[in-house]
Amino acid sequence: QNLVGMALGLSKKGFNVFASTFAAFLTRAHDQLRMSSLSEADMTLCGSHAGVSIGADGASQMGLEDIAMFRSLSGSTVLYPSDAISAEKLLYLAAKNKGITYIRTTRPASPIIYTPQDQFSLGDFKVIRQSSKDKVVLVGAGITLHEALKSHAYLQKKKIASALVDLYCVKPFNTKKFISFVKKHGGRIVIAEDHYSEGGIGEMLAHELINTGIQIAHLSVKRVPHSGSAEELLEKYGINAKAITKSVNALL
């Protein structure tokens, strides 16, 4: 609470403020965040250790409500990098952005997907894989993008063509561009997220894609999680590559 209050005060004094803590702990400061939004603060907040993928620390340390909270703030921006390069690129975008910008980061070491030459912009998404024969679009962000990459490779071996999207900007969102892309690549999506169902990426997509005819399978954490390794928990709560592949087969 004090962290966010100080960030607000420094913002109103003209500083370009960056503040960071566990994503789970930022929920304690919802009132301060709300008042920062009403006060038209310009600041960047980083919520680390998001989701069940943090592993052994347990449910009290797992940020599983943070996307919903930051999405609900007026004029907010919600960013979700998946590797070190995208984290750096999105940090620079945040530094120039107005309002409250939230960057959600993942604890486990993540393979590098992007090159320093890759460009990112607010409101957009990245197409990681695509072909002219795609039957479904896999959507991930953060840890689940890497799980979706594993699923894509497995599906490819089974002769099932799929596209893969990195939804690194949850808010704002280019709905028109996304709908156009999905309709050209099978008209079906499987979204996996390391977040509770309520208020996360899947719910955002379901709202944006209503009455479009696009079929959606939404994988998320649906109950209070327990401790374990990252791999064990991603499997137990149904958001790993195996669960993504199973959902694809159910849709086709």
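Here the structure is shown first, and the text comes after it.
Criteria and thresholds
- Residues numbered from 1 in each chain as written.
- Predicted model: local features only at pLDDT ≥ 70, side-chain atom pairs only at ≥ 80, totals over all residues.
- Heavy atoms only, no water.
- Helix = DSSP H or I, 4+ residues; strand = E, 2+ residues; numbered from the N terminus.
- Buried < 20%, exposed > 50% of the residue type's maximum accessible area, 1.4 Å probe, protein only.
- Contact = heavy atoms within 4.5 Å.
- Polar contact = N/O pair within 3.5 Å; in protein donor to acceptor, adjacent residues only side chain to side chain.
- Core = buried A, V, L, I, M, F, W, Y, C linked by side-chain atoms within 4.5 Å.
- Salt bridge = Lys/Arg side-chain N within 4 Å of Asp/Glu carboxyl O.
- 1 Å grid on protein atoms, 1.4 Å probe; cavity = no way out; pocket = protein on both sides within 12 Å on 5 of 7 lines; lining within 4 Å.
- Points joined across faces, edges and corners; volume = space filled by probe spheres on them.
- Nonpolar A, V, L, I, M, F, W, Y, C, P; charged D, E, K, R; others polar.
- Patch = residues over 30% accessible without salt bridge, like charges linked within 9 Å, V, L, I, M, F, W, Y side chains within 5 Å.
- Areas by Shrake-Rupley, 256 points an atom, 1.4 Å probe, with all protein chains shown as cover.

## A word on the environment of S37
Logical step 1: Tracing the chain through its elements places S37 in helix 3 (residues 30-38).
Logical step 2: By relative accessible area, which is 14% here, S37 ends up buried.
Logical step 3: For the pair S37 and A243, spaced 206 residues apart in sequence, the C-alpha to C-alpha distance is 37 Å.
Logical step 4: Excluding its chain neighbours within four sequence positions, the residues that come into contact with S37 are L73, S74 and I100.
Logical step 5: Polar contacts involving the side chain of S37 include one to the main-chain carbonyl oxygen of S74, which spans 3.1 Å.

## Quick notes on the nonpolar core
Logical step 1: Counting 41 residues, the largest nonpolar core has F70, V139, F178, I189, I201 and L205 as the members making the most contacts within it.
Logical step 2: Per-element tally for this core: the top contributor is helix 7 (residues 175-184), with four residues.
Logical step 3: Contact partners of I201, with chain neighbours within four places excluded, come to I67, Y80, A141, L167, V170, I191 and E193.
Logical step 4: L64, Y168, C169 and L234 belong to the second-largest nonpolar core, a separate cluster that totals 37 residues.

## Notes on the pattern of salt bridges
Logical step 1: Per the stated rule, a full pass over the model turns up six salt bridges.
Logical step 2: The closest approach of N and O atoms between K177 and D124, which form a salt bridge, is 2.8 Å. With K177 in helix 7 and D124 in the loop between strand 4 (100-104) and strand 5 (126-129), the pair connects residues that are 53 residues apart, well separated along the chain.
Logical step 3: Residue K177 is classed as partly exposed on the basis of its relative accessible area, which comes to 37%.
Logical step 4: On the basis of relative accessibility, which here comes to 17%, the residue D124 falls in the buried class.
Logical step 5: Across the salt bridge formed by E235 and K242, the nearest N and O atoms sit 3.6 Å from each other.
Logical step 6: You can call E235 partly exposed: its relative accessible area is 45%.

## Considering the layout of surface pockets
Logical step 1: Of the pockets and cavities examined, the largest pocket occupies roughly 280 Å³.
Logical step 2: The wall of the largest pocket is formed by 15 residues, among which I143, H146, E147, K150 and E231 lie closest to the centre.
Logical step 3: At the level of secondary structure, the elements contributing two or more residues to the lining of the largest pocket comprise helix 6 (143-157) and helix 9 (230-236).
Logical step 4: In terms of residues, the lining of the largest pocket owes the most to one element, helix 6, which gives five residues.
Logical step 5: Partitioned by chemical class, the residues of the lining of the largest pocket number eight nonpolar, three polar and four charged.

## Details of a nonpolar patch on the surface
Logical step 1: A grouping of M6, L10 and F15 is seen on the molecular surface, where their side chains present a nonpolar patch of about 310 Å² in accessible area.
Logical step 2: Its location among the elements puts F15 in the loop between helix 1 (2-12) and strand 1 (17-22).
Logical step 3: Classification of F15 as exposed rests on a relative accessible area of 53%.

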